[in-house]
Each structure stands twice: as C-alpha cells, then as structure tokens.
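Commentary on secondary and tertiary structure
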Amino acid sequence: MKLLDFPAYLRDTAFRLLPHRARTGLFPIGDPGPGAPVLVTGNFTLTVRRLRDVLAGQAAWLLVVNSKGFNVWCAAGGGHLTHHDIISAMRVAHLADKVSHREVILPQLAATGVERRAITTATGFETRWGPARLEDLPAFLGRGSRVFNAERFMRFPGWERQEMAAIWYAPALILLTPILWFALGPAAALAGSAGLVVMVATLFAMLPRFNPLGRWRLPILLGFGLFGALAGWGLLAASGGATLWPLIAIGTTNLIGTGLLFMDLSGTTPWYPSVVNTGANPATITLNEARCNGSGDCVMVCPRQVLKMNGRRRKVEIREPAQCIQCGACIVQCPRDALLFRYADGSTVEAPTIRNTRLNLLGKRRTLHR
Ligand code: SF4
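Report on the accompanying structure. (Residues numbered from 1 in each chain as written. Predicted model: local features only at pLDDT ≥ 70, side-chain atom pairs only at ≥ 80, totals over all residues.)

What follows concerns the overall build of the chain. Secondary structure assignment for the chain yields 15 helices and 12 strands. The proportion of buried residues among the 370 residues of the chain is 34%. Nonlocal contacts in the chain, meaning residues at least 24 apart in sequence, comprise 63% of its contacts between residues at least 6 apart. (Helix = DSSP H or I, 4+ residues; strand = E, 2+ residues; numbered from the N terminus. Buried ≥ 20, exposed ≤ 12 C-beta atoms within 10 Å, placed from the backbone. Contact = placed C-beta atoms within 7 Å.)

Given below as structure tokens:
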C-alpha cells in the first residue's frame, strides 16, 4: 500500500459495515496476456483495494462483479451476489474475446450463493474455487491455481478480530455526536468525536494490514497520538475542564465495547452462534449417504473443515459437525443434493430451499427474488 492511499484505506476500513461500491468490469493486474488467470470478486471497495495490493507483481485479470457494494461472503449469503451476476459481468466484459482459455477463479466464500455449474452451462467457462482468504492468492496462483486444504479454512486471527471490533466506532461516532451535542454542548461533542476518530485511526494504524507502510508506520501512529492529545488538551482548556468526564466516559465505553466485541466477534455475524447470537440457526449438517457420489464439491467450499473425503469409500464424511456455522455452501454446491440441515425437532431444510433463500443479518432465511 502506498502512503497516499492510507486515508482512503482508513475510510473504507472504518466504514466497512456499510456497502461501498467499487467500479465493476474487467481490470488488468500487471500486464496480463490472453492466457492470464481471471479472478472474480465482488464490488466492495475495500476488497478490491486489498486485492490490488495483494496481487501486486502478478499478471491476472480481475473481474469485479456487482455485489451491491457488499463483501463477497455477506453478498453471496444475503442474495446480493449470485451466478446470474457473474454470468452477466462475464458477458458485459466480453470475457470470451479477451482471454484464450475458458476458466474463471471464483472466491470460495461466494459458494453460499453462486452455483458454479450454472456459470459453465451459460458461458462455457469452467470454474475453480480460489482460497478462502485473499492473502493466499499469490501462493495459489504461484502453484498453478491449486488450493491447499488449509487455505479453505476461514480463520479469524486476533488482529482481524480487533479490526472487526473497531469498525463499530464509525457508526457509533455518527450516532454519538448529535446526542453529546444536545446533552452536553458542542465542546463535549467535538471532544468525543475527536477522541473516537483518533482511537479508530490508531487502532487501524496498528493492524498488520498496514505493515506495508514500513518506516512510516511509527510516525503515523505517533502523529495520531499527538493529534489526539493536542485536540483533547485544546478542548479541555477551551471548556474549562467541562469535557473531562464525557471524555473519560467515552474512552472507557470504547475500551469495554472493543473488548467485548473482540471476545464475541461471532455475535456480530448471523452465522456464528455466540454469547450475543445464541439461538442462530441451531441446525445440524446431515449427509444422506445414499445420494453422495463422492464428487467432493462440498469439501472444496466448506470454510470450517467440517467435511472430509473418504477416498477409499468414495464418500464424504461429516468429521466435525460442531464446527459447522450453517453457511449452507456445501448444500448449495452438492450435485446430488446429499446434504441438508436437520433441526432439533426433526424438521429438515434441504437443498432447493437453501438455494432459493438467503440469510438476513439476523440469521433468518428469506426467499430470494431472482
Ligand atoms: S458443513 Fe457447515 S460450515 Fe461447512 S459448508 Fe456446510 S454448512 Fe457451511
């Protein structure tokens, strides 16, 4: 990442809870020829930015598909990114005229809403799942577009949980400022807002994602700290100390909130049952073994390594059911509809329902309108 890109990165990261649309279309990365791989992604600005950074030095085509400004996982899970969107993007970009091969690489996390066989049927292009995390793309491309099993696992390292916790500051800032303004006056509102902005910027500046800033990282961090201290001191002096308690209250609330979200990140997503989101989708992934033909499509898209191929029996096995987050990707991709969700009362939800419904932010399924 270039230093000048930092403010834009910060903005896109701080507001990543909101949809933010990047331009759609087919874009060259490096100097791709007609034989270069085609990577598909959604038009969430932050993802496109990060992809461009991660793929620096590679030669590839990036097909940015309209996902309504959401990231790929949320968009596919919520019905905002489907195979119809990808087929449409391929046609609009005249992909068949631009490349000499007939393959596109799909983001694995799109498997909850993108039926890959429909893309092949409509366009003649074969599809292949890429790794779950975009950081693994250079290695994936380097070994001829092959995914290692470990790269299918969706892990959440500590620094990413910290980032996910910090992204709640931006909406909090928007809500809090007018409340403080009316309750305590403009000085307190400005002090609170400045405190939040400095905290968000400092948190993000510490993240490994900004490592490419290299020698600029420490000066930026110190700069934010200095700005925060000066802003706080100036406001306190101007208000005769009246903003001290609101500042302390806001800072303490922020720290407690960040800590709770850090520990219970899963509560902020519909798919992970957690302390906050206790009853989300209490279903068990179940295999109808008689239908399974051992294609392994489900194993390739499971982000939690719940499923495993038994090569000797040529059947899939459910190895770690407790790890299942009920994303439904395996059910959507199974060519024989061999997987389903079973609930405690004995009721089941099978593939046609999963394919025609999507999860909303509360973890409830709604019918997909195509
Ligand atoms: S086994 Fe569970 S976590 Fe894995 S793809 Fe299927 S629904 Fe998702």
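All right, on to the site of the ligand then. If you check the shell around the ligand, you find 13 residues, and the closest are Cys302, Val306, Cys324, Cys327 and Cys330. Broken down by class, the residue content of the shell around the ligand amounts to 10 nonpolar, two polar and one charged. (Near = placed C-beta within 6 Å. Nonpolar A, V, L, I, M, F, W, Y, C, P; charged D, E, K, R; others polar.)

With that settled, consider unusual backbone geometry. The phi dihedral of lysine 68 falls on the positive side, at around 60°, and the residue is not glycine. Along the chain, lysine 68 falls in the loop between strand 3 (60–65) and helix 3 (72–78). On the neighbour-count criterion, lysine 68 (16 C-beta atoms within 10 Å) is partly exposed. With a phi angle near 55°, arginine 314 is a residue other than glycine that sits in the positive phi range.

Taken together, three strands build an open sheet; the order of strands is 6-9-10 and the sheet is antiparallel. Both edges of this open sheet fall to strand 6 (283–287) and strand 10 (348–349), since each of them pairs with a single strand only. Bridging between strand 9 (residues 339–343) and strand 10 involves two bridges; their strand directions are antiparallel. Across the sheet, the residue bridging to arginine 342 is threonine 348, located in strand 10. (Pairing = 2+ DSSP bridges.)

All right, on to the nonpolar core then. Val40, Leu63, Cys298 and Cys330 are the most contacted members of the largest nonpolar core, which totals 61 residues. Per-element accounting of this core gives the leading share, five residues, to helix 3. Looking at which domains feed residues into this core, each of domain 1 (3–149) and domain 3 (283–367) gives three or more. Contacts of cysteine 330, omitting those with residues within four sequence positions, involve Cys298, Val301, Cys302, Leu307 and Leu339. Listed in part, the seven residues of the second largest apolar core include Ala14, Ala165, Ala166 and Ala201. (Core = buried A, V, L, I, M, F, W, Y, C linked by C-beta atoms within 7 Å. Domains from an automatic or database assignment.)

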